[in-house]
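Single-letter residue listing:
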Amino acid sequence: MSDGLFQPDHWKAALSAVETARAYGQVRRVSPTHIEADGPLGTLGATCLIGGSLMAEISTVDTTGVTLMPYGAVDGVRVCDRVELAGSGAQVDTGDRLLGRVVDALGRPLDGQPLMLDGAPTWPLAGRPTSPLDRVTPTQALETGVRAIDSLLTLGRGQRVGIFAGSGVGKSTLLSSLCRHIRADVIVLCLVGERGREAQDFWSGALDDTSRKRAVMVVSTSDEPAVMRARGVHAALAHAEYFRSLGRHVVLLVDSMTRYAQALREIGLASGEPPSIRAYTPSVFAALPRVVERCGALASSGATTSIMTVLTETDDVDDPMAESLRALLDGHIVLSRTLAEQGHFPAIDVPRSVSRVFRQVNEPSVRALATEAVAQLSNYEMSRTLVESGLYAAGTQPALDKALACRPALIDFLRQDSMTATGMTEDRATLEAAIGDGA
């Protein structure tokens, strides 16, 4: 009887964990975006079943009841409908069975094929804690196939980078190109708040047959409830973390983080949070660093390289969401509407962009070459008005003369068709020749 299994404290703990009655409540109020009920008093993030058919997630808990964010349309929900706890909602089914598949935020297949996940490994939707000392700075260059990035804004394996631009400037096209050409063990795609047709275009156009076999895409379209759009990002992160824990290199592509933030804002406002700048609620700014910190390289396992698009409200990249993410990420690639309108694709504004691991992943000679190229582009931009108005006289400023001489070759170098890829060695030789044209 000395075995711990027979100790009174053990039995008390076991009995206290048994639910002898099913917790439930009743709908008290129905609105287009959320539902209020007098129970059950579950935890934040727990899932409930309303009226026997509609799934919802608890977003607020207080002494008078709960606020629920529905996973589907609220049509048919009535006051006094029964609300039952359906689970914690904290786990996501993942694993190799999902590779080659397209699923929604709840893990349901969207590609028309059955998906059997019984016995599949699970991962916490909110992720697992990681020690700051287990994180490592990227030291291995990541080849993307895009000349402007590989030569002047080199990314590292395990880096977190954002693509910043207004609408219609080419964010999704650049993301598709990166997805097509980056080599990784696993690719996790996450489309949040985008148009429905883009899912098929991205899945079929951005990936070839071989790449699709090592990819999983999570889709939450713009017509879905806010809680589904937010959950889509968390589910994609959970898949990426699981594969990273196996020692694999994972590329996570999210389009877009702004839509994710807008979904969180909708949830926060419906839950009674006070609005702050641009009506974003405090929980939005608390969630963003948690998303970013779940990516990166770990000393004890693999790496997650994350590339996230950020839709800016203006072309000056000065809205609060862009500013917050720019401070959190390890680099930002800024796209220019002016370049896009000139037919320059990818429309990367190199002088305004930065990779914060550029020095760690490149040799001194490569860094010097890139610094010289960026300097020539910047010299022209600072004197653009003077030059284009015809007021500049050649020979007045030797530095500007050199920038003007090598600019045509640099612009040709930075232009690239999205369907083609080049190698780093070839790119650097071409860039050196372009700069030499201005010598």
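Let me sum up the structure you'll find in this document. (Residues numbered from 1 in each chain as written. Predicted model: local features only at pLDDT ≥ 70, side-chain atom pairs only at ≥ 80, totals over all residues. Heavy atoms only, no water.)

For the rest of this paragraph, the subject is the overall build of the protein chain. Along the protein chain, the regular secondary structure elements total 15 helices and 20 strands. Along the longest, intermediate and shortest principal axes, the C-alpha atoms of the protein chain span 90 × 50 × 40 Å. Taken over 439 residues, the protein chain has a buried fraction of 52%. The long-range share in the protein chain, meaning contacts at least 24 apart out of those at least 6 apart in sequence, stands at 71%. Carbon and sulfur atoms make up 53% of the accessible area of the protein chain, which amounts to about 19,900 Å² in all. With 42 positive and 51 negative side-chain charges, the protein chain shows a spacing of 2 Å between the two charge centroids. (Helix = DSSP H or I, 4+ residues; strand = E, 2+ residues; numbered from the N terminus. Buried < 20%, exposed > 50% of the residue type's maximum accessible area, 1.4 Å probe, protein only. Contact = heavy atoms within 4.5 Å. Areas by Shrake-Rupley, 256 points an atom, 1.4 Å probe, with all protein chains shown as cover. Lys, Arg positive; Asp, Glu negative; His and termini not counted. Charge placed at Lys NZ, Arg CZ, Asp CG, Glu CD.)

Let us look at the layout of surface pockets. Counted as a void, the largest pocket has a volume near 940 Å³. If you trace the largest pocket, you find 37 residues lining it, with Gly45, Glu57, His234, Leu264 and Arg290 closest to the centre. Among the elements of the structure, strand S4 (54-62), helix H6 (226-245), helix H7 (257-270) and helix H8 (282-293) are those that each provide at least two residues to the lining of the largest pocket. The element that contributes the greatest number of residues to the lining of the largest pocket is H8, accounting for six residues. Residue composition of the lining of the largest pocket, by class: 16 nonpolar, twelve polar and nine charged. Each pocket or cavity is described by its volume, and for the second largest pocket that value is around 450 Å³. In terms of lining, the second largest pocket is formed by 22 residues, of which the most central are Ser172, Glu194, Arg195, Glu198 and Asp255. (1 Å grid on protein atoms, 1.4 Å probe; cavity = no way out; pocket = protein on both sides within 12 Å on 5 of 7 lines; lining within 4 Å. Points joined across faces, edges and corners; volume = space filled by probe spheres on them. Nonpolar A, V, L, I, M, F, W, Y, C, P; charged D, E, K, R; others polar.)

Turning to H8, a few remarks are in order. Those residues of H8 that sit buried are Val284, Ala287, Leu288, Val291 and Val292. On an axial view of H8, the arc spanned by its buried residues comes to 130 degrees, and they lie on one face. (Arc of directions from axis to C-beta.)

A few words on the sheet that holds S4. Strand order in the closed barrel formed by six strands is S1-S2-S5-S4-S3-S6, with antiparallel pairing between adjacent strands. Ignoring which end each strand starts from, the neighbouring axes of this sheet average 45 degrees apart. Pairing between strand S3 (residues 47-50) and S4: four bridges, direction antiparallel. Within S4, the residue paired with Cys48 across the bridge is Ala56. (Pairing = 2+ DSSP bridges. Axes fitted to C-alpha atoms, helices over the stretch in contact; angles between N-to-C directions.)

Right, let's talk about the packing of aromatic side chains for a bit. Aromatic ring pairs are described here by two measures, namely the spacing of the ring centres and the angle between the planes. On inspection of all chains with the given rule, the structure shows three aromatic pairs. Seen from their ring centres, Trp123 and Tyr242 are 6.3 Å apart, and the 70 degrees between their planes marks the pair as edge-to-face. Placement of Trp123 in strand S9 (residues 122-124) and of Tyr242 in helix H6 is noted, with a sequence separation of 119 residues between them. Overall, the relative accessible area of 9% leaves Trp123 in the buried class. Taking relative accessible area as the criterion, Tyr242 reaches 15% and is therefore assigned buried. In this structure an aromatic cluster arises from ring pairing among Trp123, Tyr242 and Phe243. (Phe/Tyr/Trp six-rings, centres within 6.5 Å; stacked < 30°, edge-to-face > 60°.)

What follows deals with a nonpolar patch on the surface. On the surface, Leu41, Leu44 and Val61 cluster together to form a nonpolar patch covering roughly 300 Å² of accessible area. Position of Leu44 relative to the elements: it lies in the loop between strand S2 (35-37) and S3. On the basis of relative accessible area, Leu44 is assigned to the exposed category, the value being 59%. (Patch = residues over 30% accessible without salt bridge, like charges linked within 9 Å, V, L, I, M, F, W, Y side chains within 5 Å. Salt bridge = Lys/Arg side-chain N within 4 Å of Asp/Glu carboxyl O.)

With that settled, the discussion passes to the packing of H8 against helix H9 (residues 320-328). Between H8 and H9, the shortest axis-to-axis distance is 10 Å and the interhelical angle comes to 35 degrees. The element H8 and its partner H9 pack so that their crossing is right-handed. Between H8, through Val284, Phe285, Leu288, Pro289 and Val292, and H9, the contact on the second element is made entirely by Pro320, Met321, Ser324, Leu325 and Leu328. For the contact of H8 with H9, a count of residues per class yields nine nonpolar, one polar and no charged. (Left-handed = near helix turned anticlockwise from the far one by under 90°.)

This next bit is on the pairing of strand S6 (residues 82-87). Side-chain positions along a regular strand alternate between the two faces of the sheet. Pairing between strand S1 (residues 24-30) and S6: three bridges, direction antiparallel. Bridge assignment links Tyr24 to a residue of S6, and that residue is Glu84. Bridge count for S3 against S6 is four bridges, and the pairing is antiparallel. Looking across to S6, one finds that Cys48 is bridged to Leu85.

Let us look at unusual backbone geometry. Here the residue pair Asp255 and Ser256 is connected by a cis peptide bond, since its omega of 5 degrees sits within 30 degrees of zero. Look at Cys80: it is not a glycine, yet its phi comes out positive at around 80 degrees.

What follows deals with the pattern of salt bridges. Per the counting criterion, the structure on display carries 20 salt bridges. Residue Glu323 is joined to Arg326 by a salt bridge in which the shortest nitrogen-to-oxygen separation is 2.7 Å. On the criterion of helical spacing, the pair formed by Glu323 and Arg326 is a turn pair, its members being three residues apart in helix H9. Taking the relative accessible area as the measure of exposure, Arg326 reaches 22% and is therefore partly exposed. Glu372 is the partner of Lys402 in a salt bridge, and the nearest nitrogen-oxygen pair spans 2.8 Å. One end of the pair, Lys402, is in helix H14 (residues 398-414); the other, Glu372, is in helix H12 (residues 364-382), with 30 residues separating them in the sequence. Each of Arg135, Arg160, Glu293 and Asp330 takes part in salt bridges that share partners, so that together they form one network.

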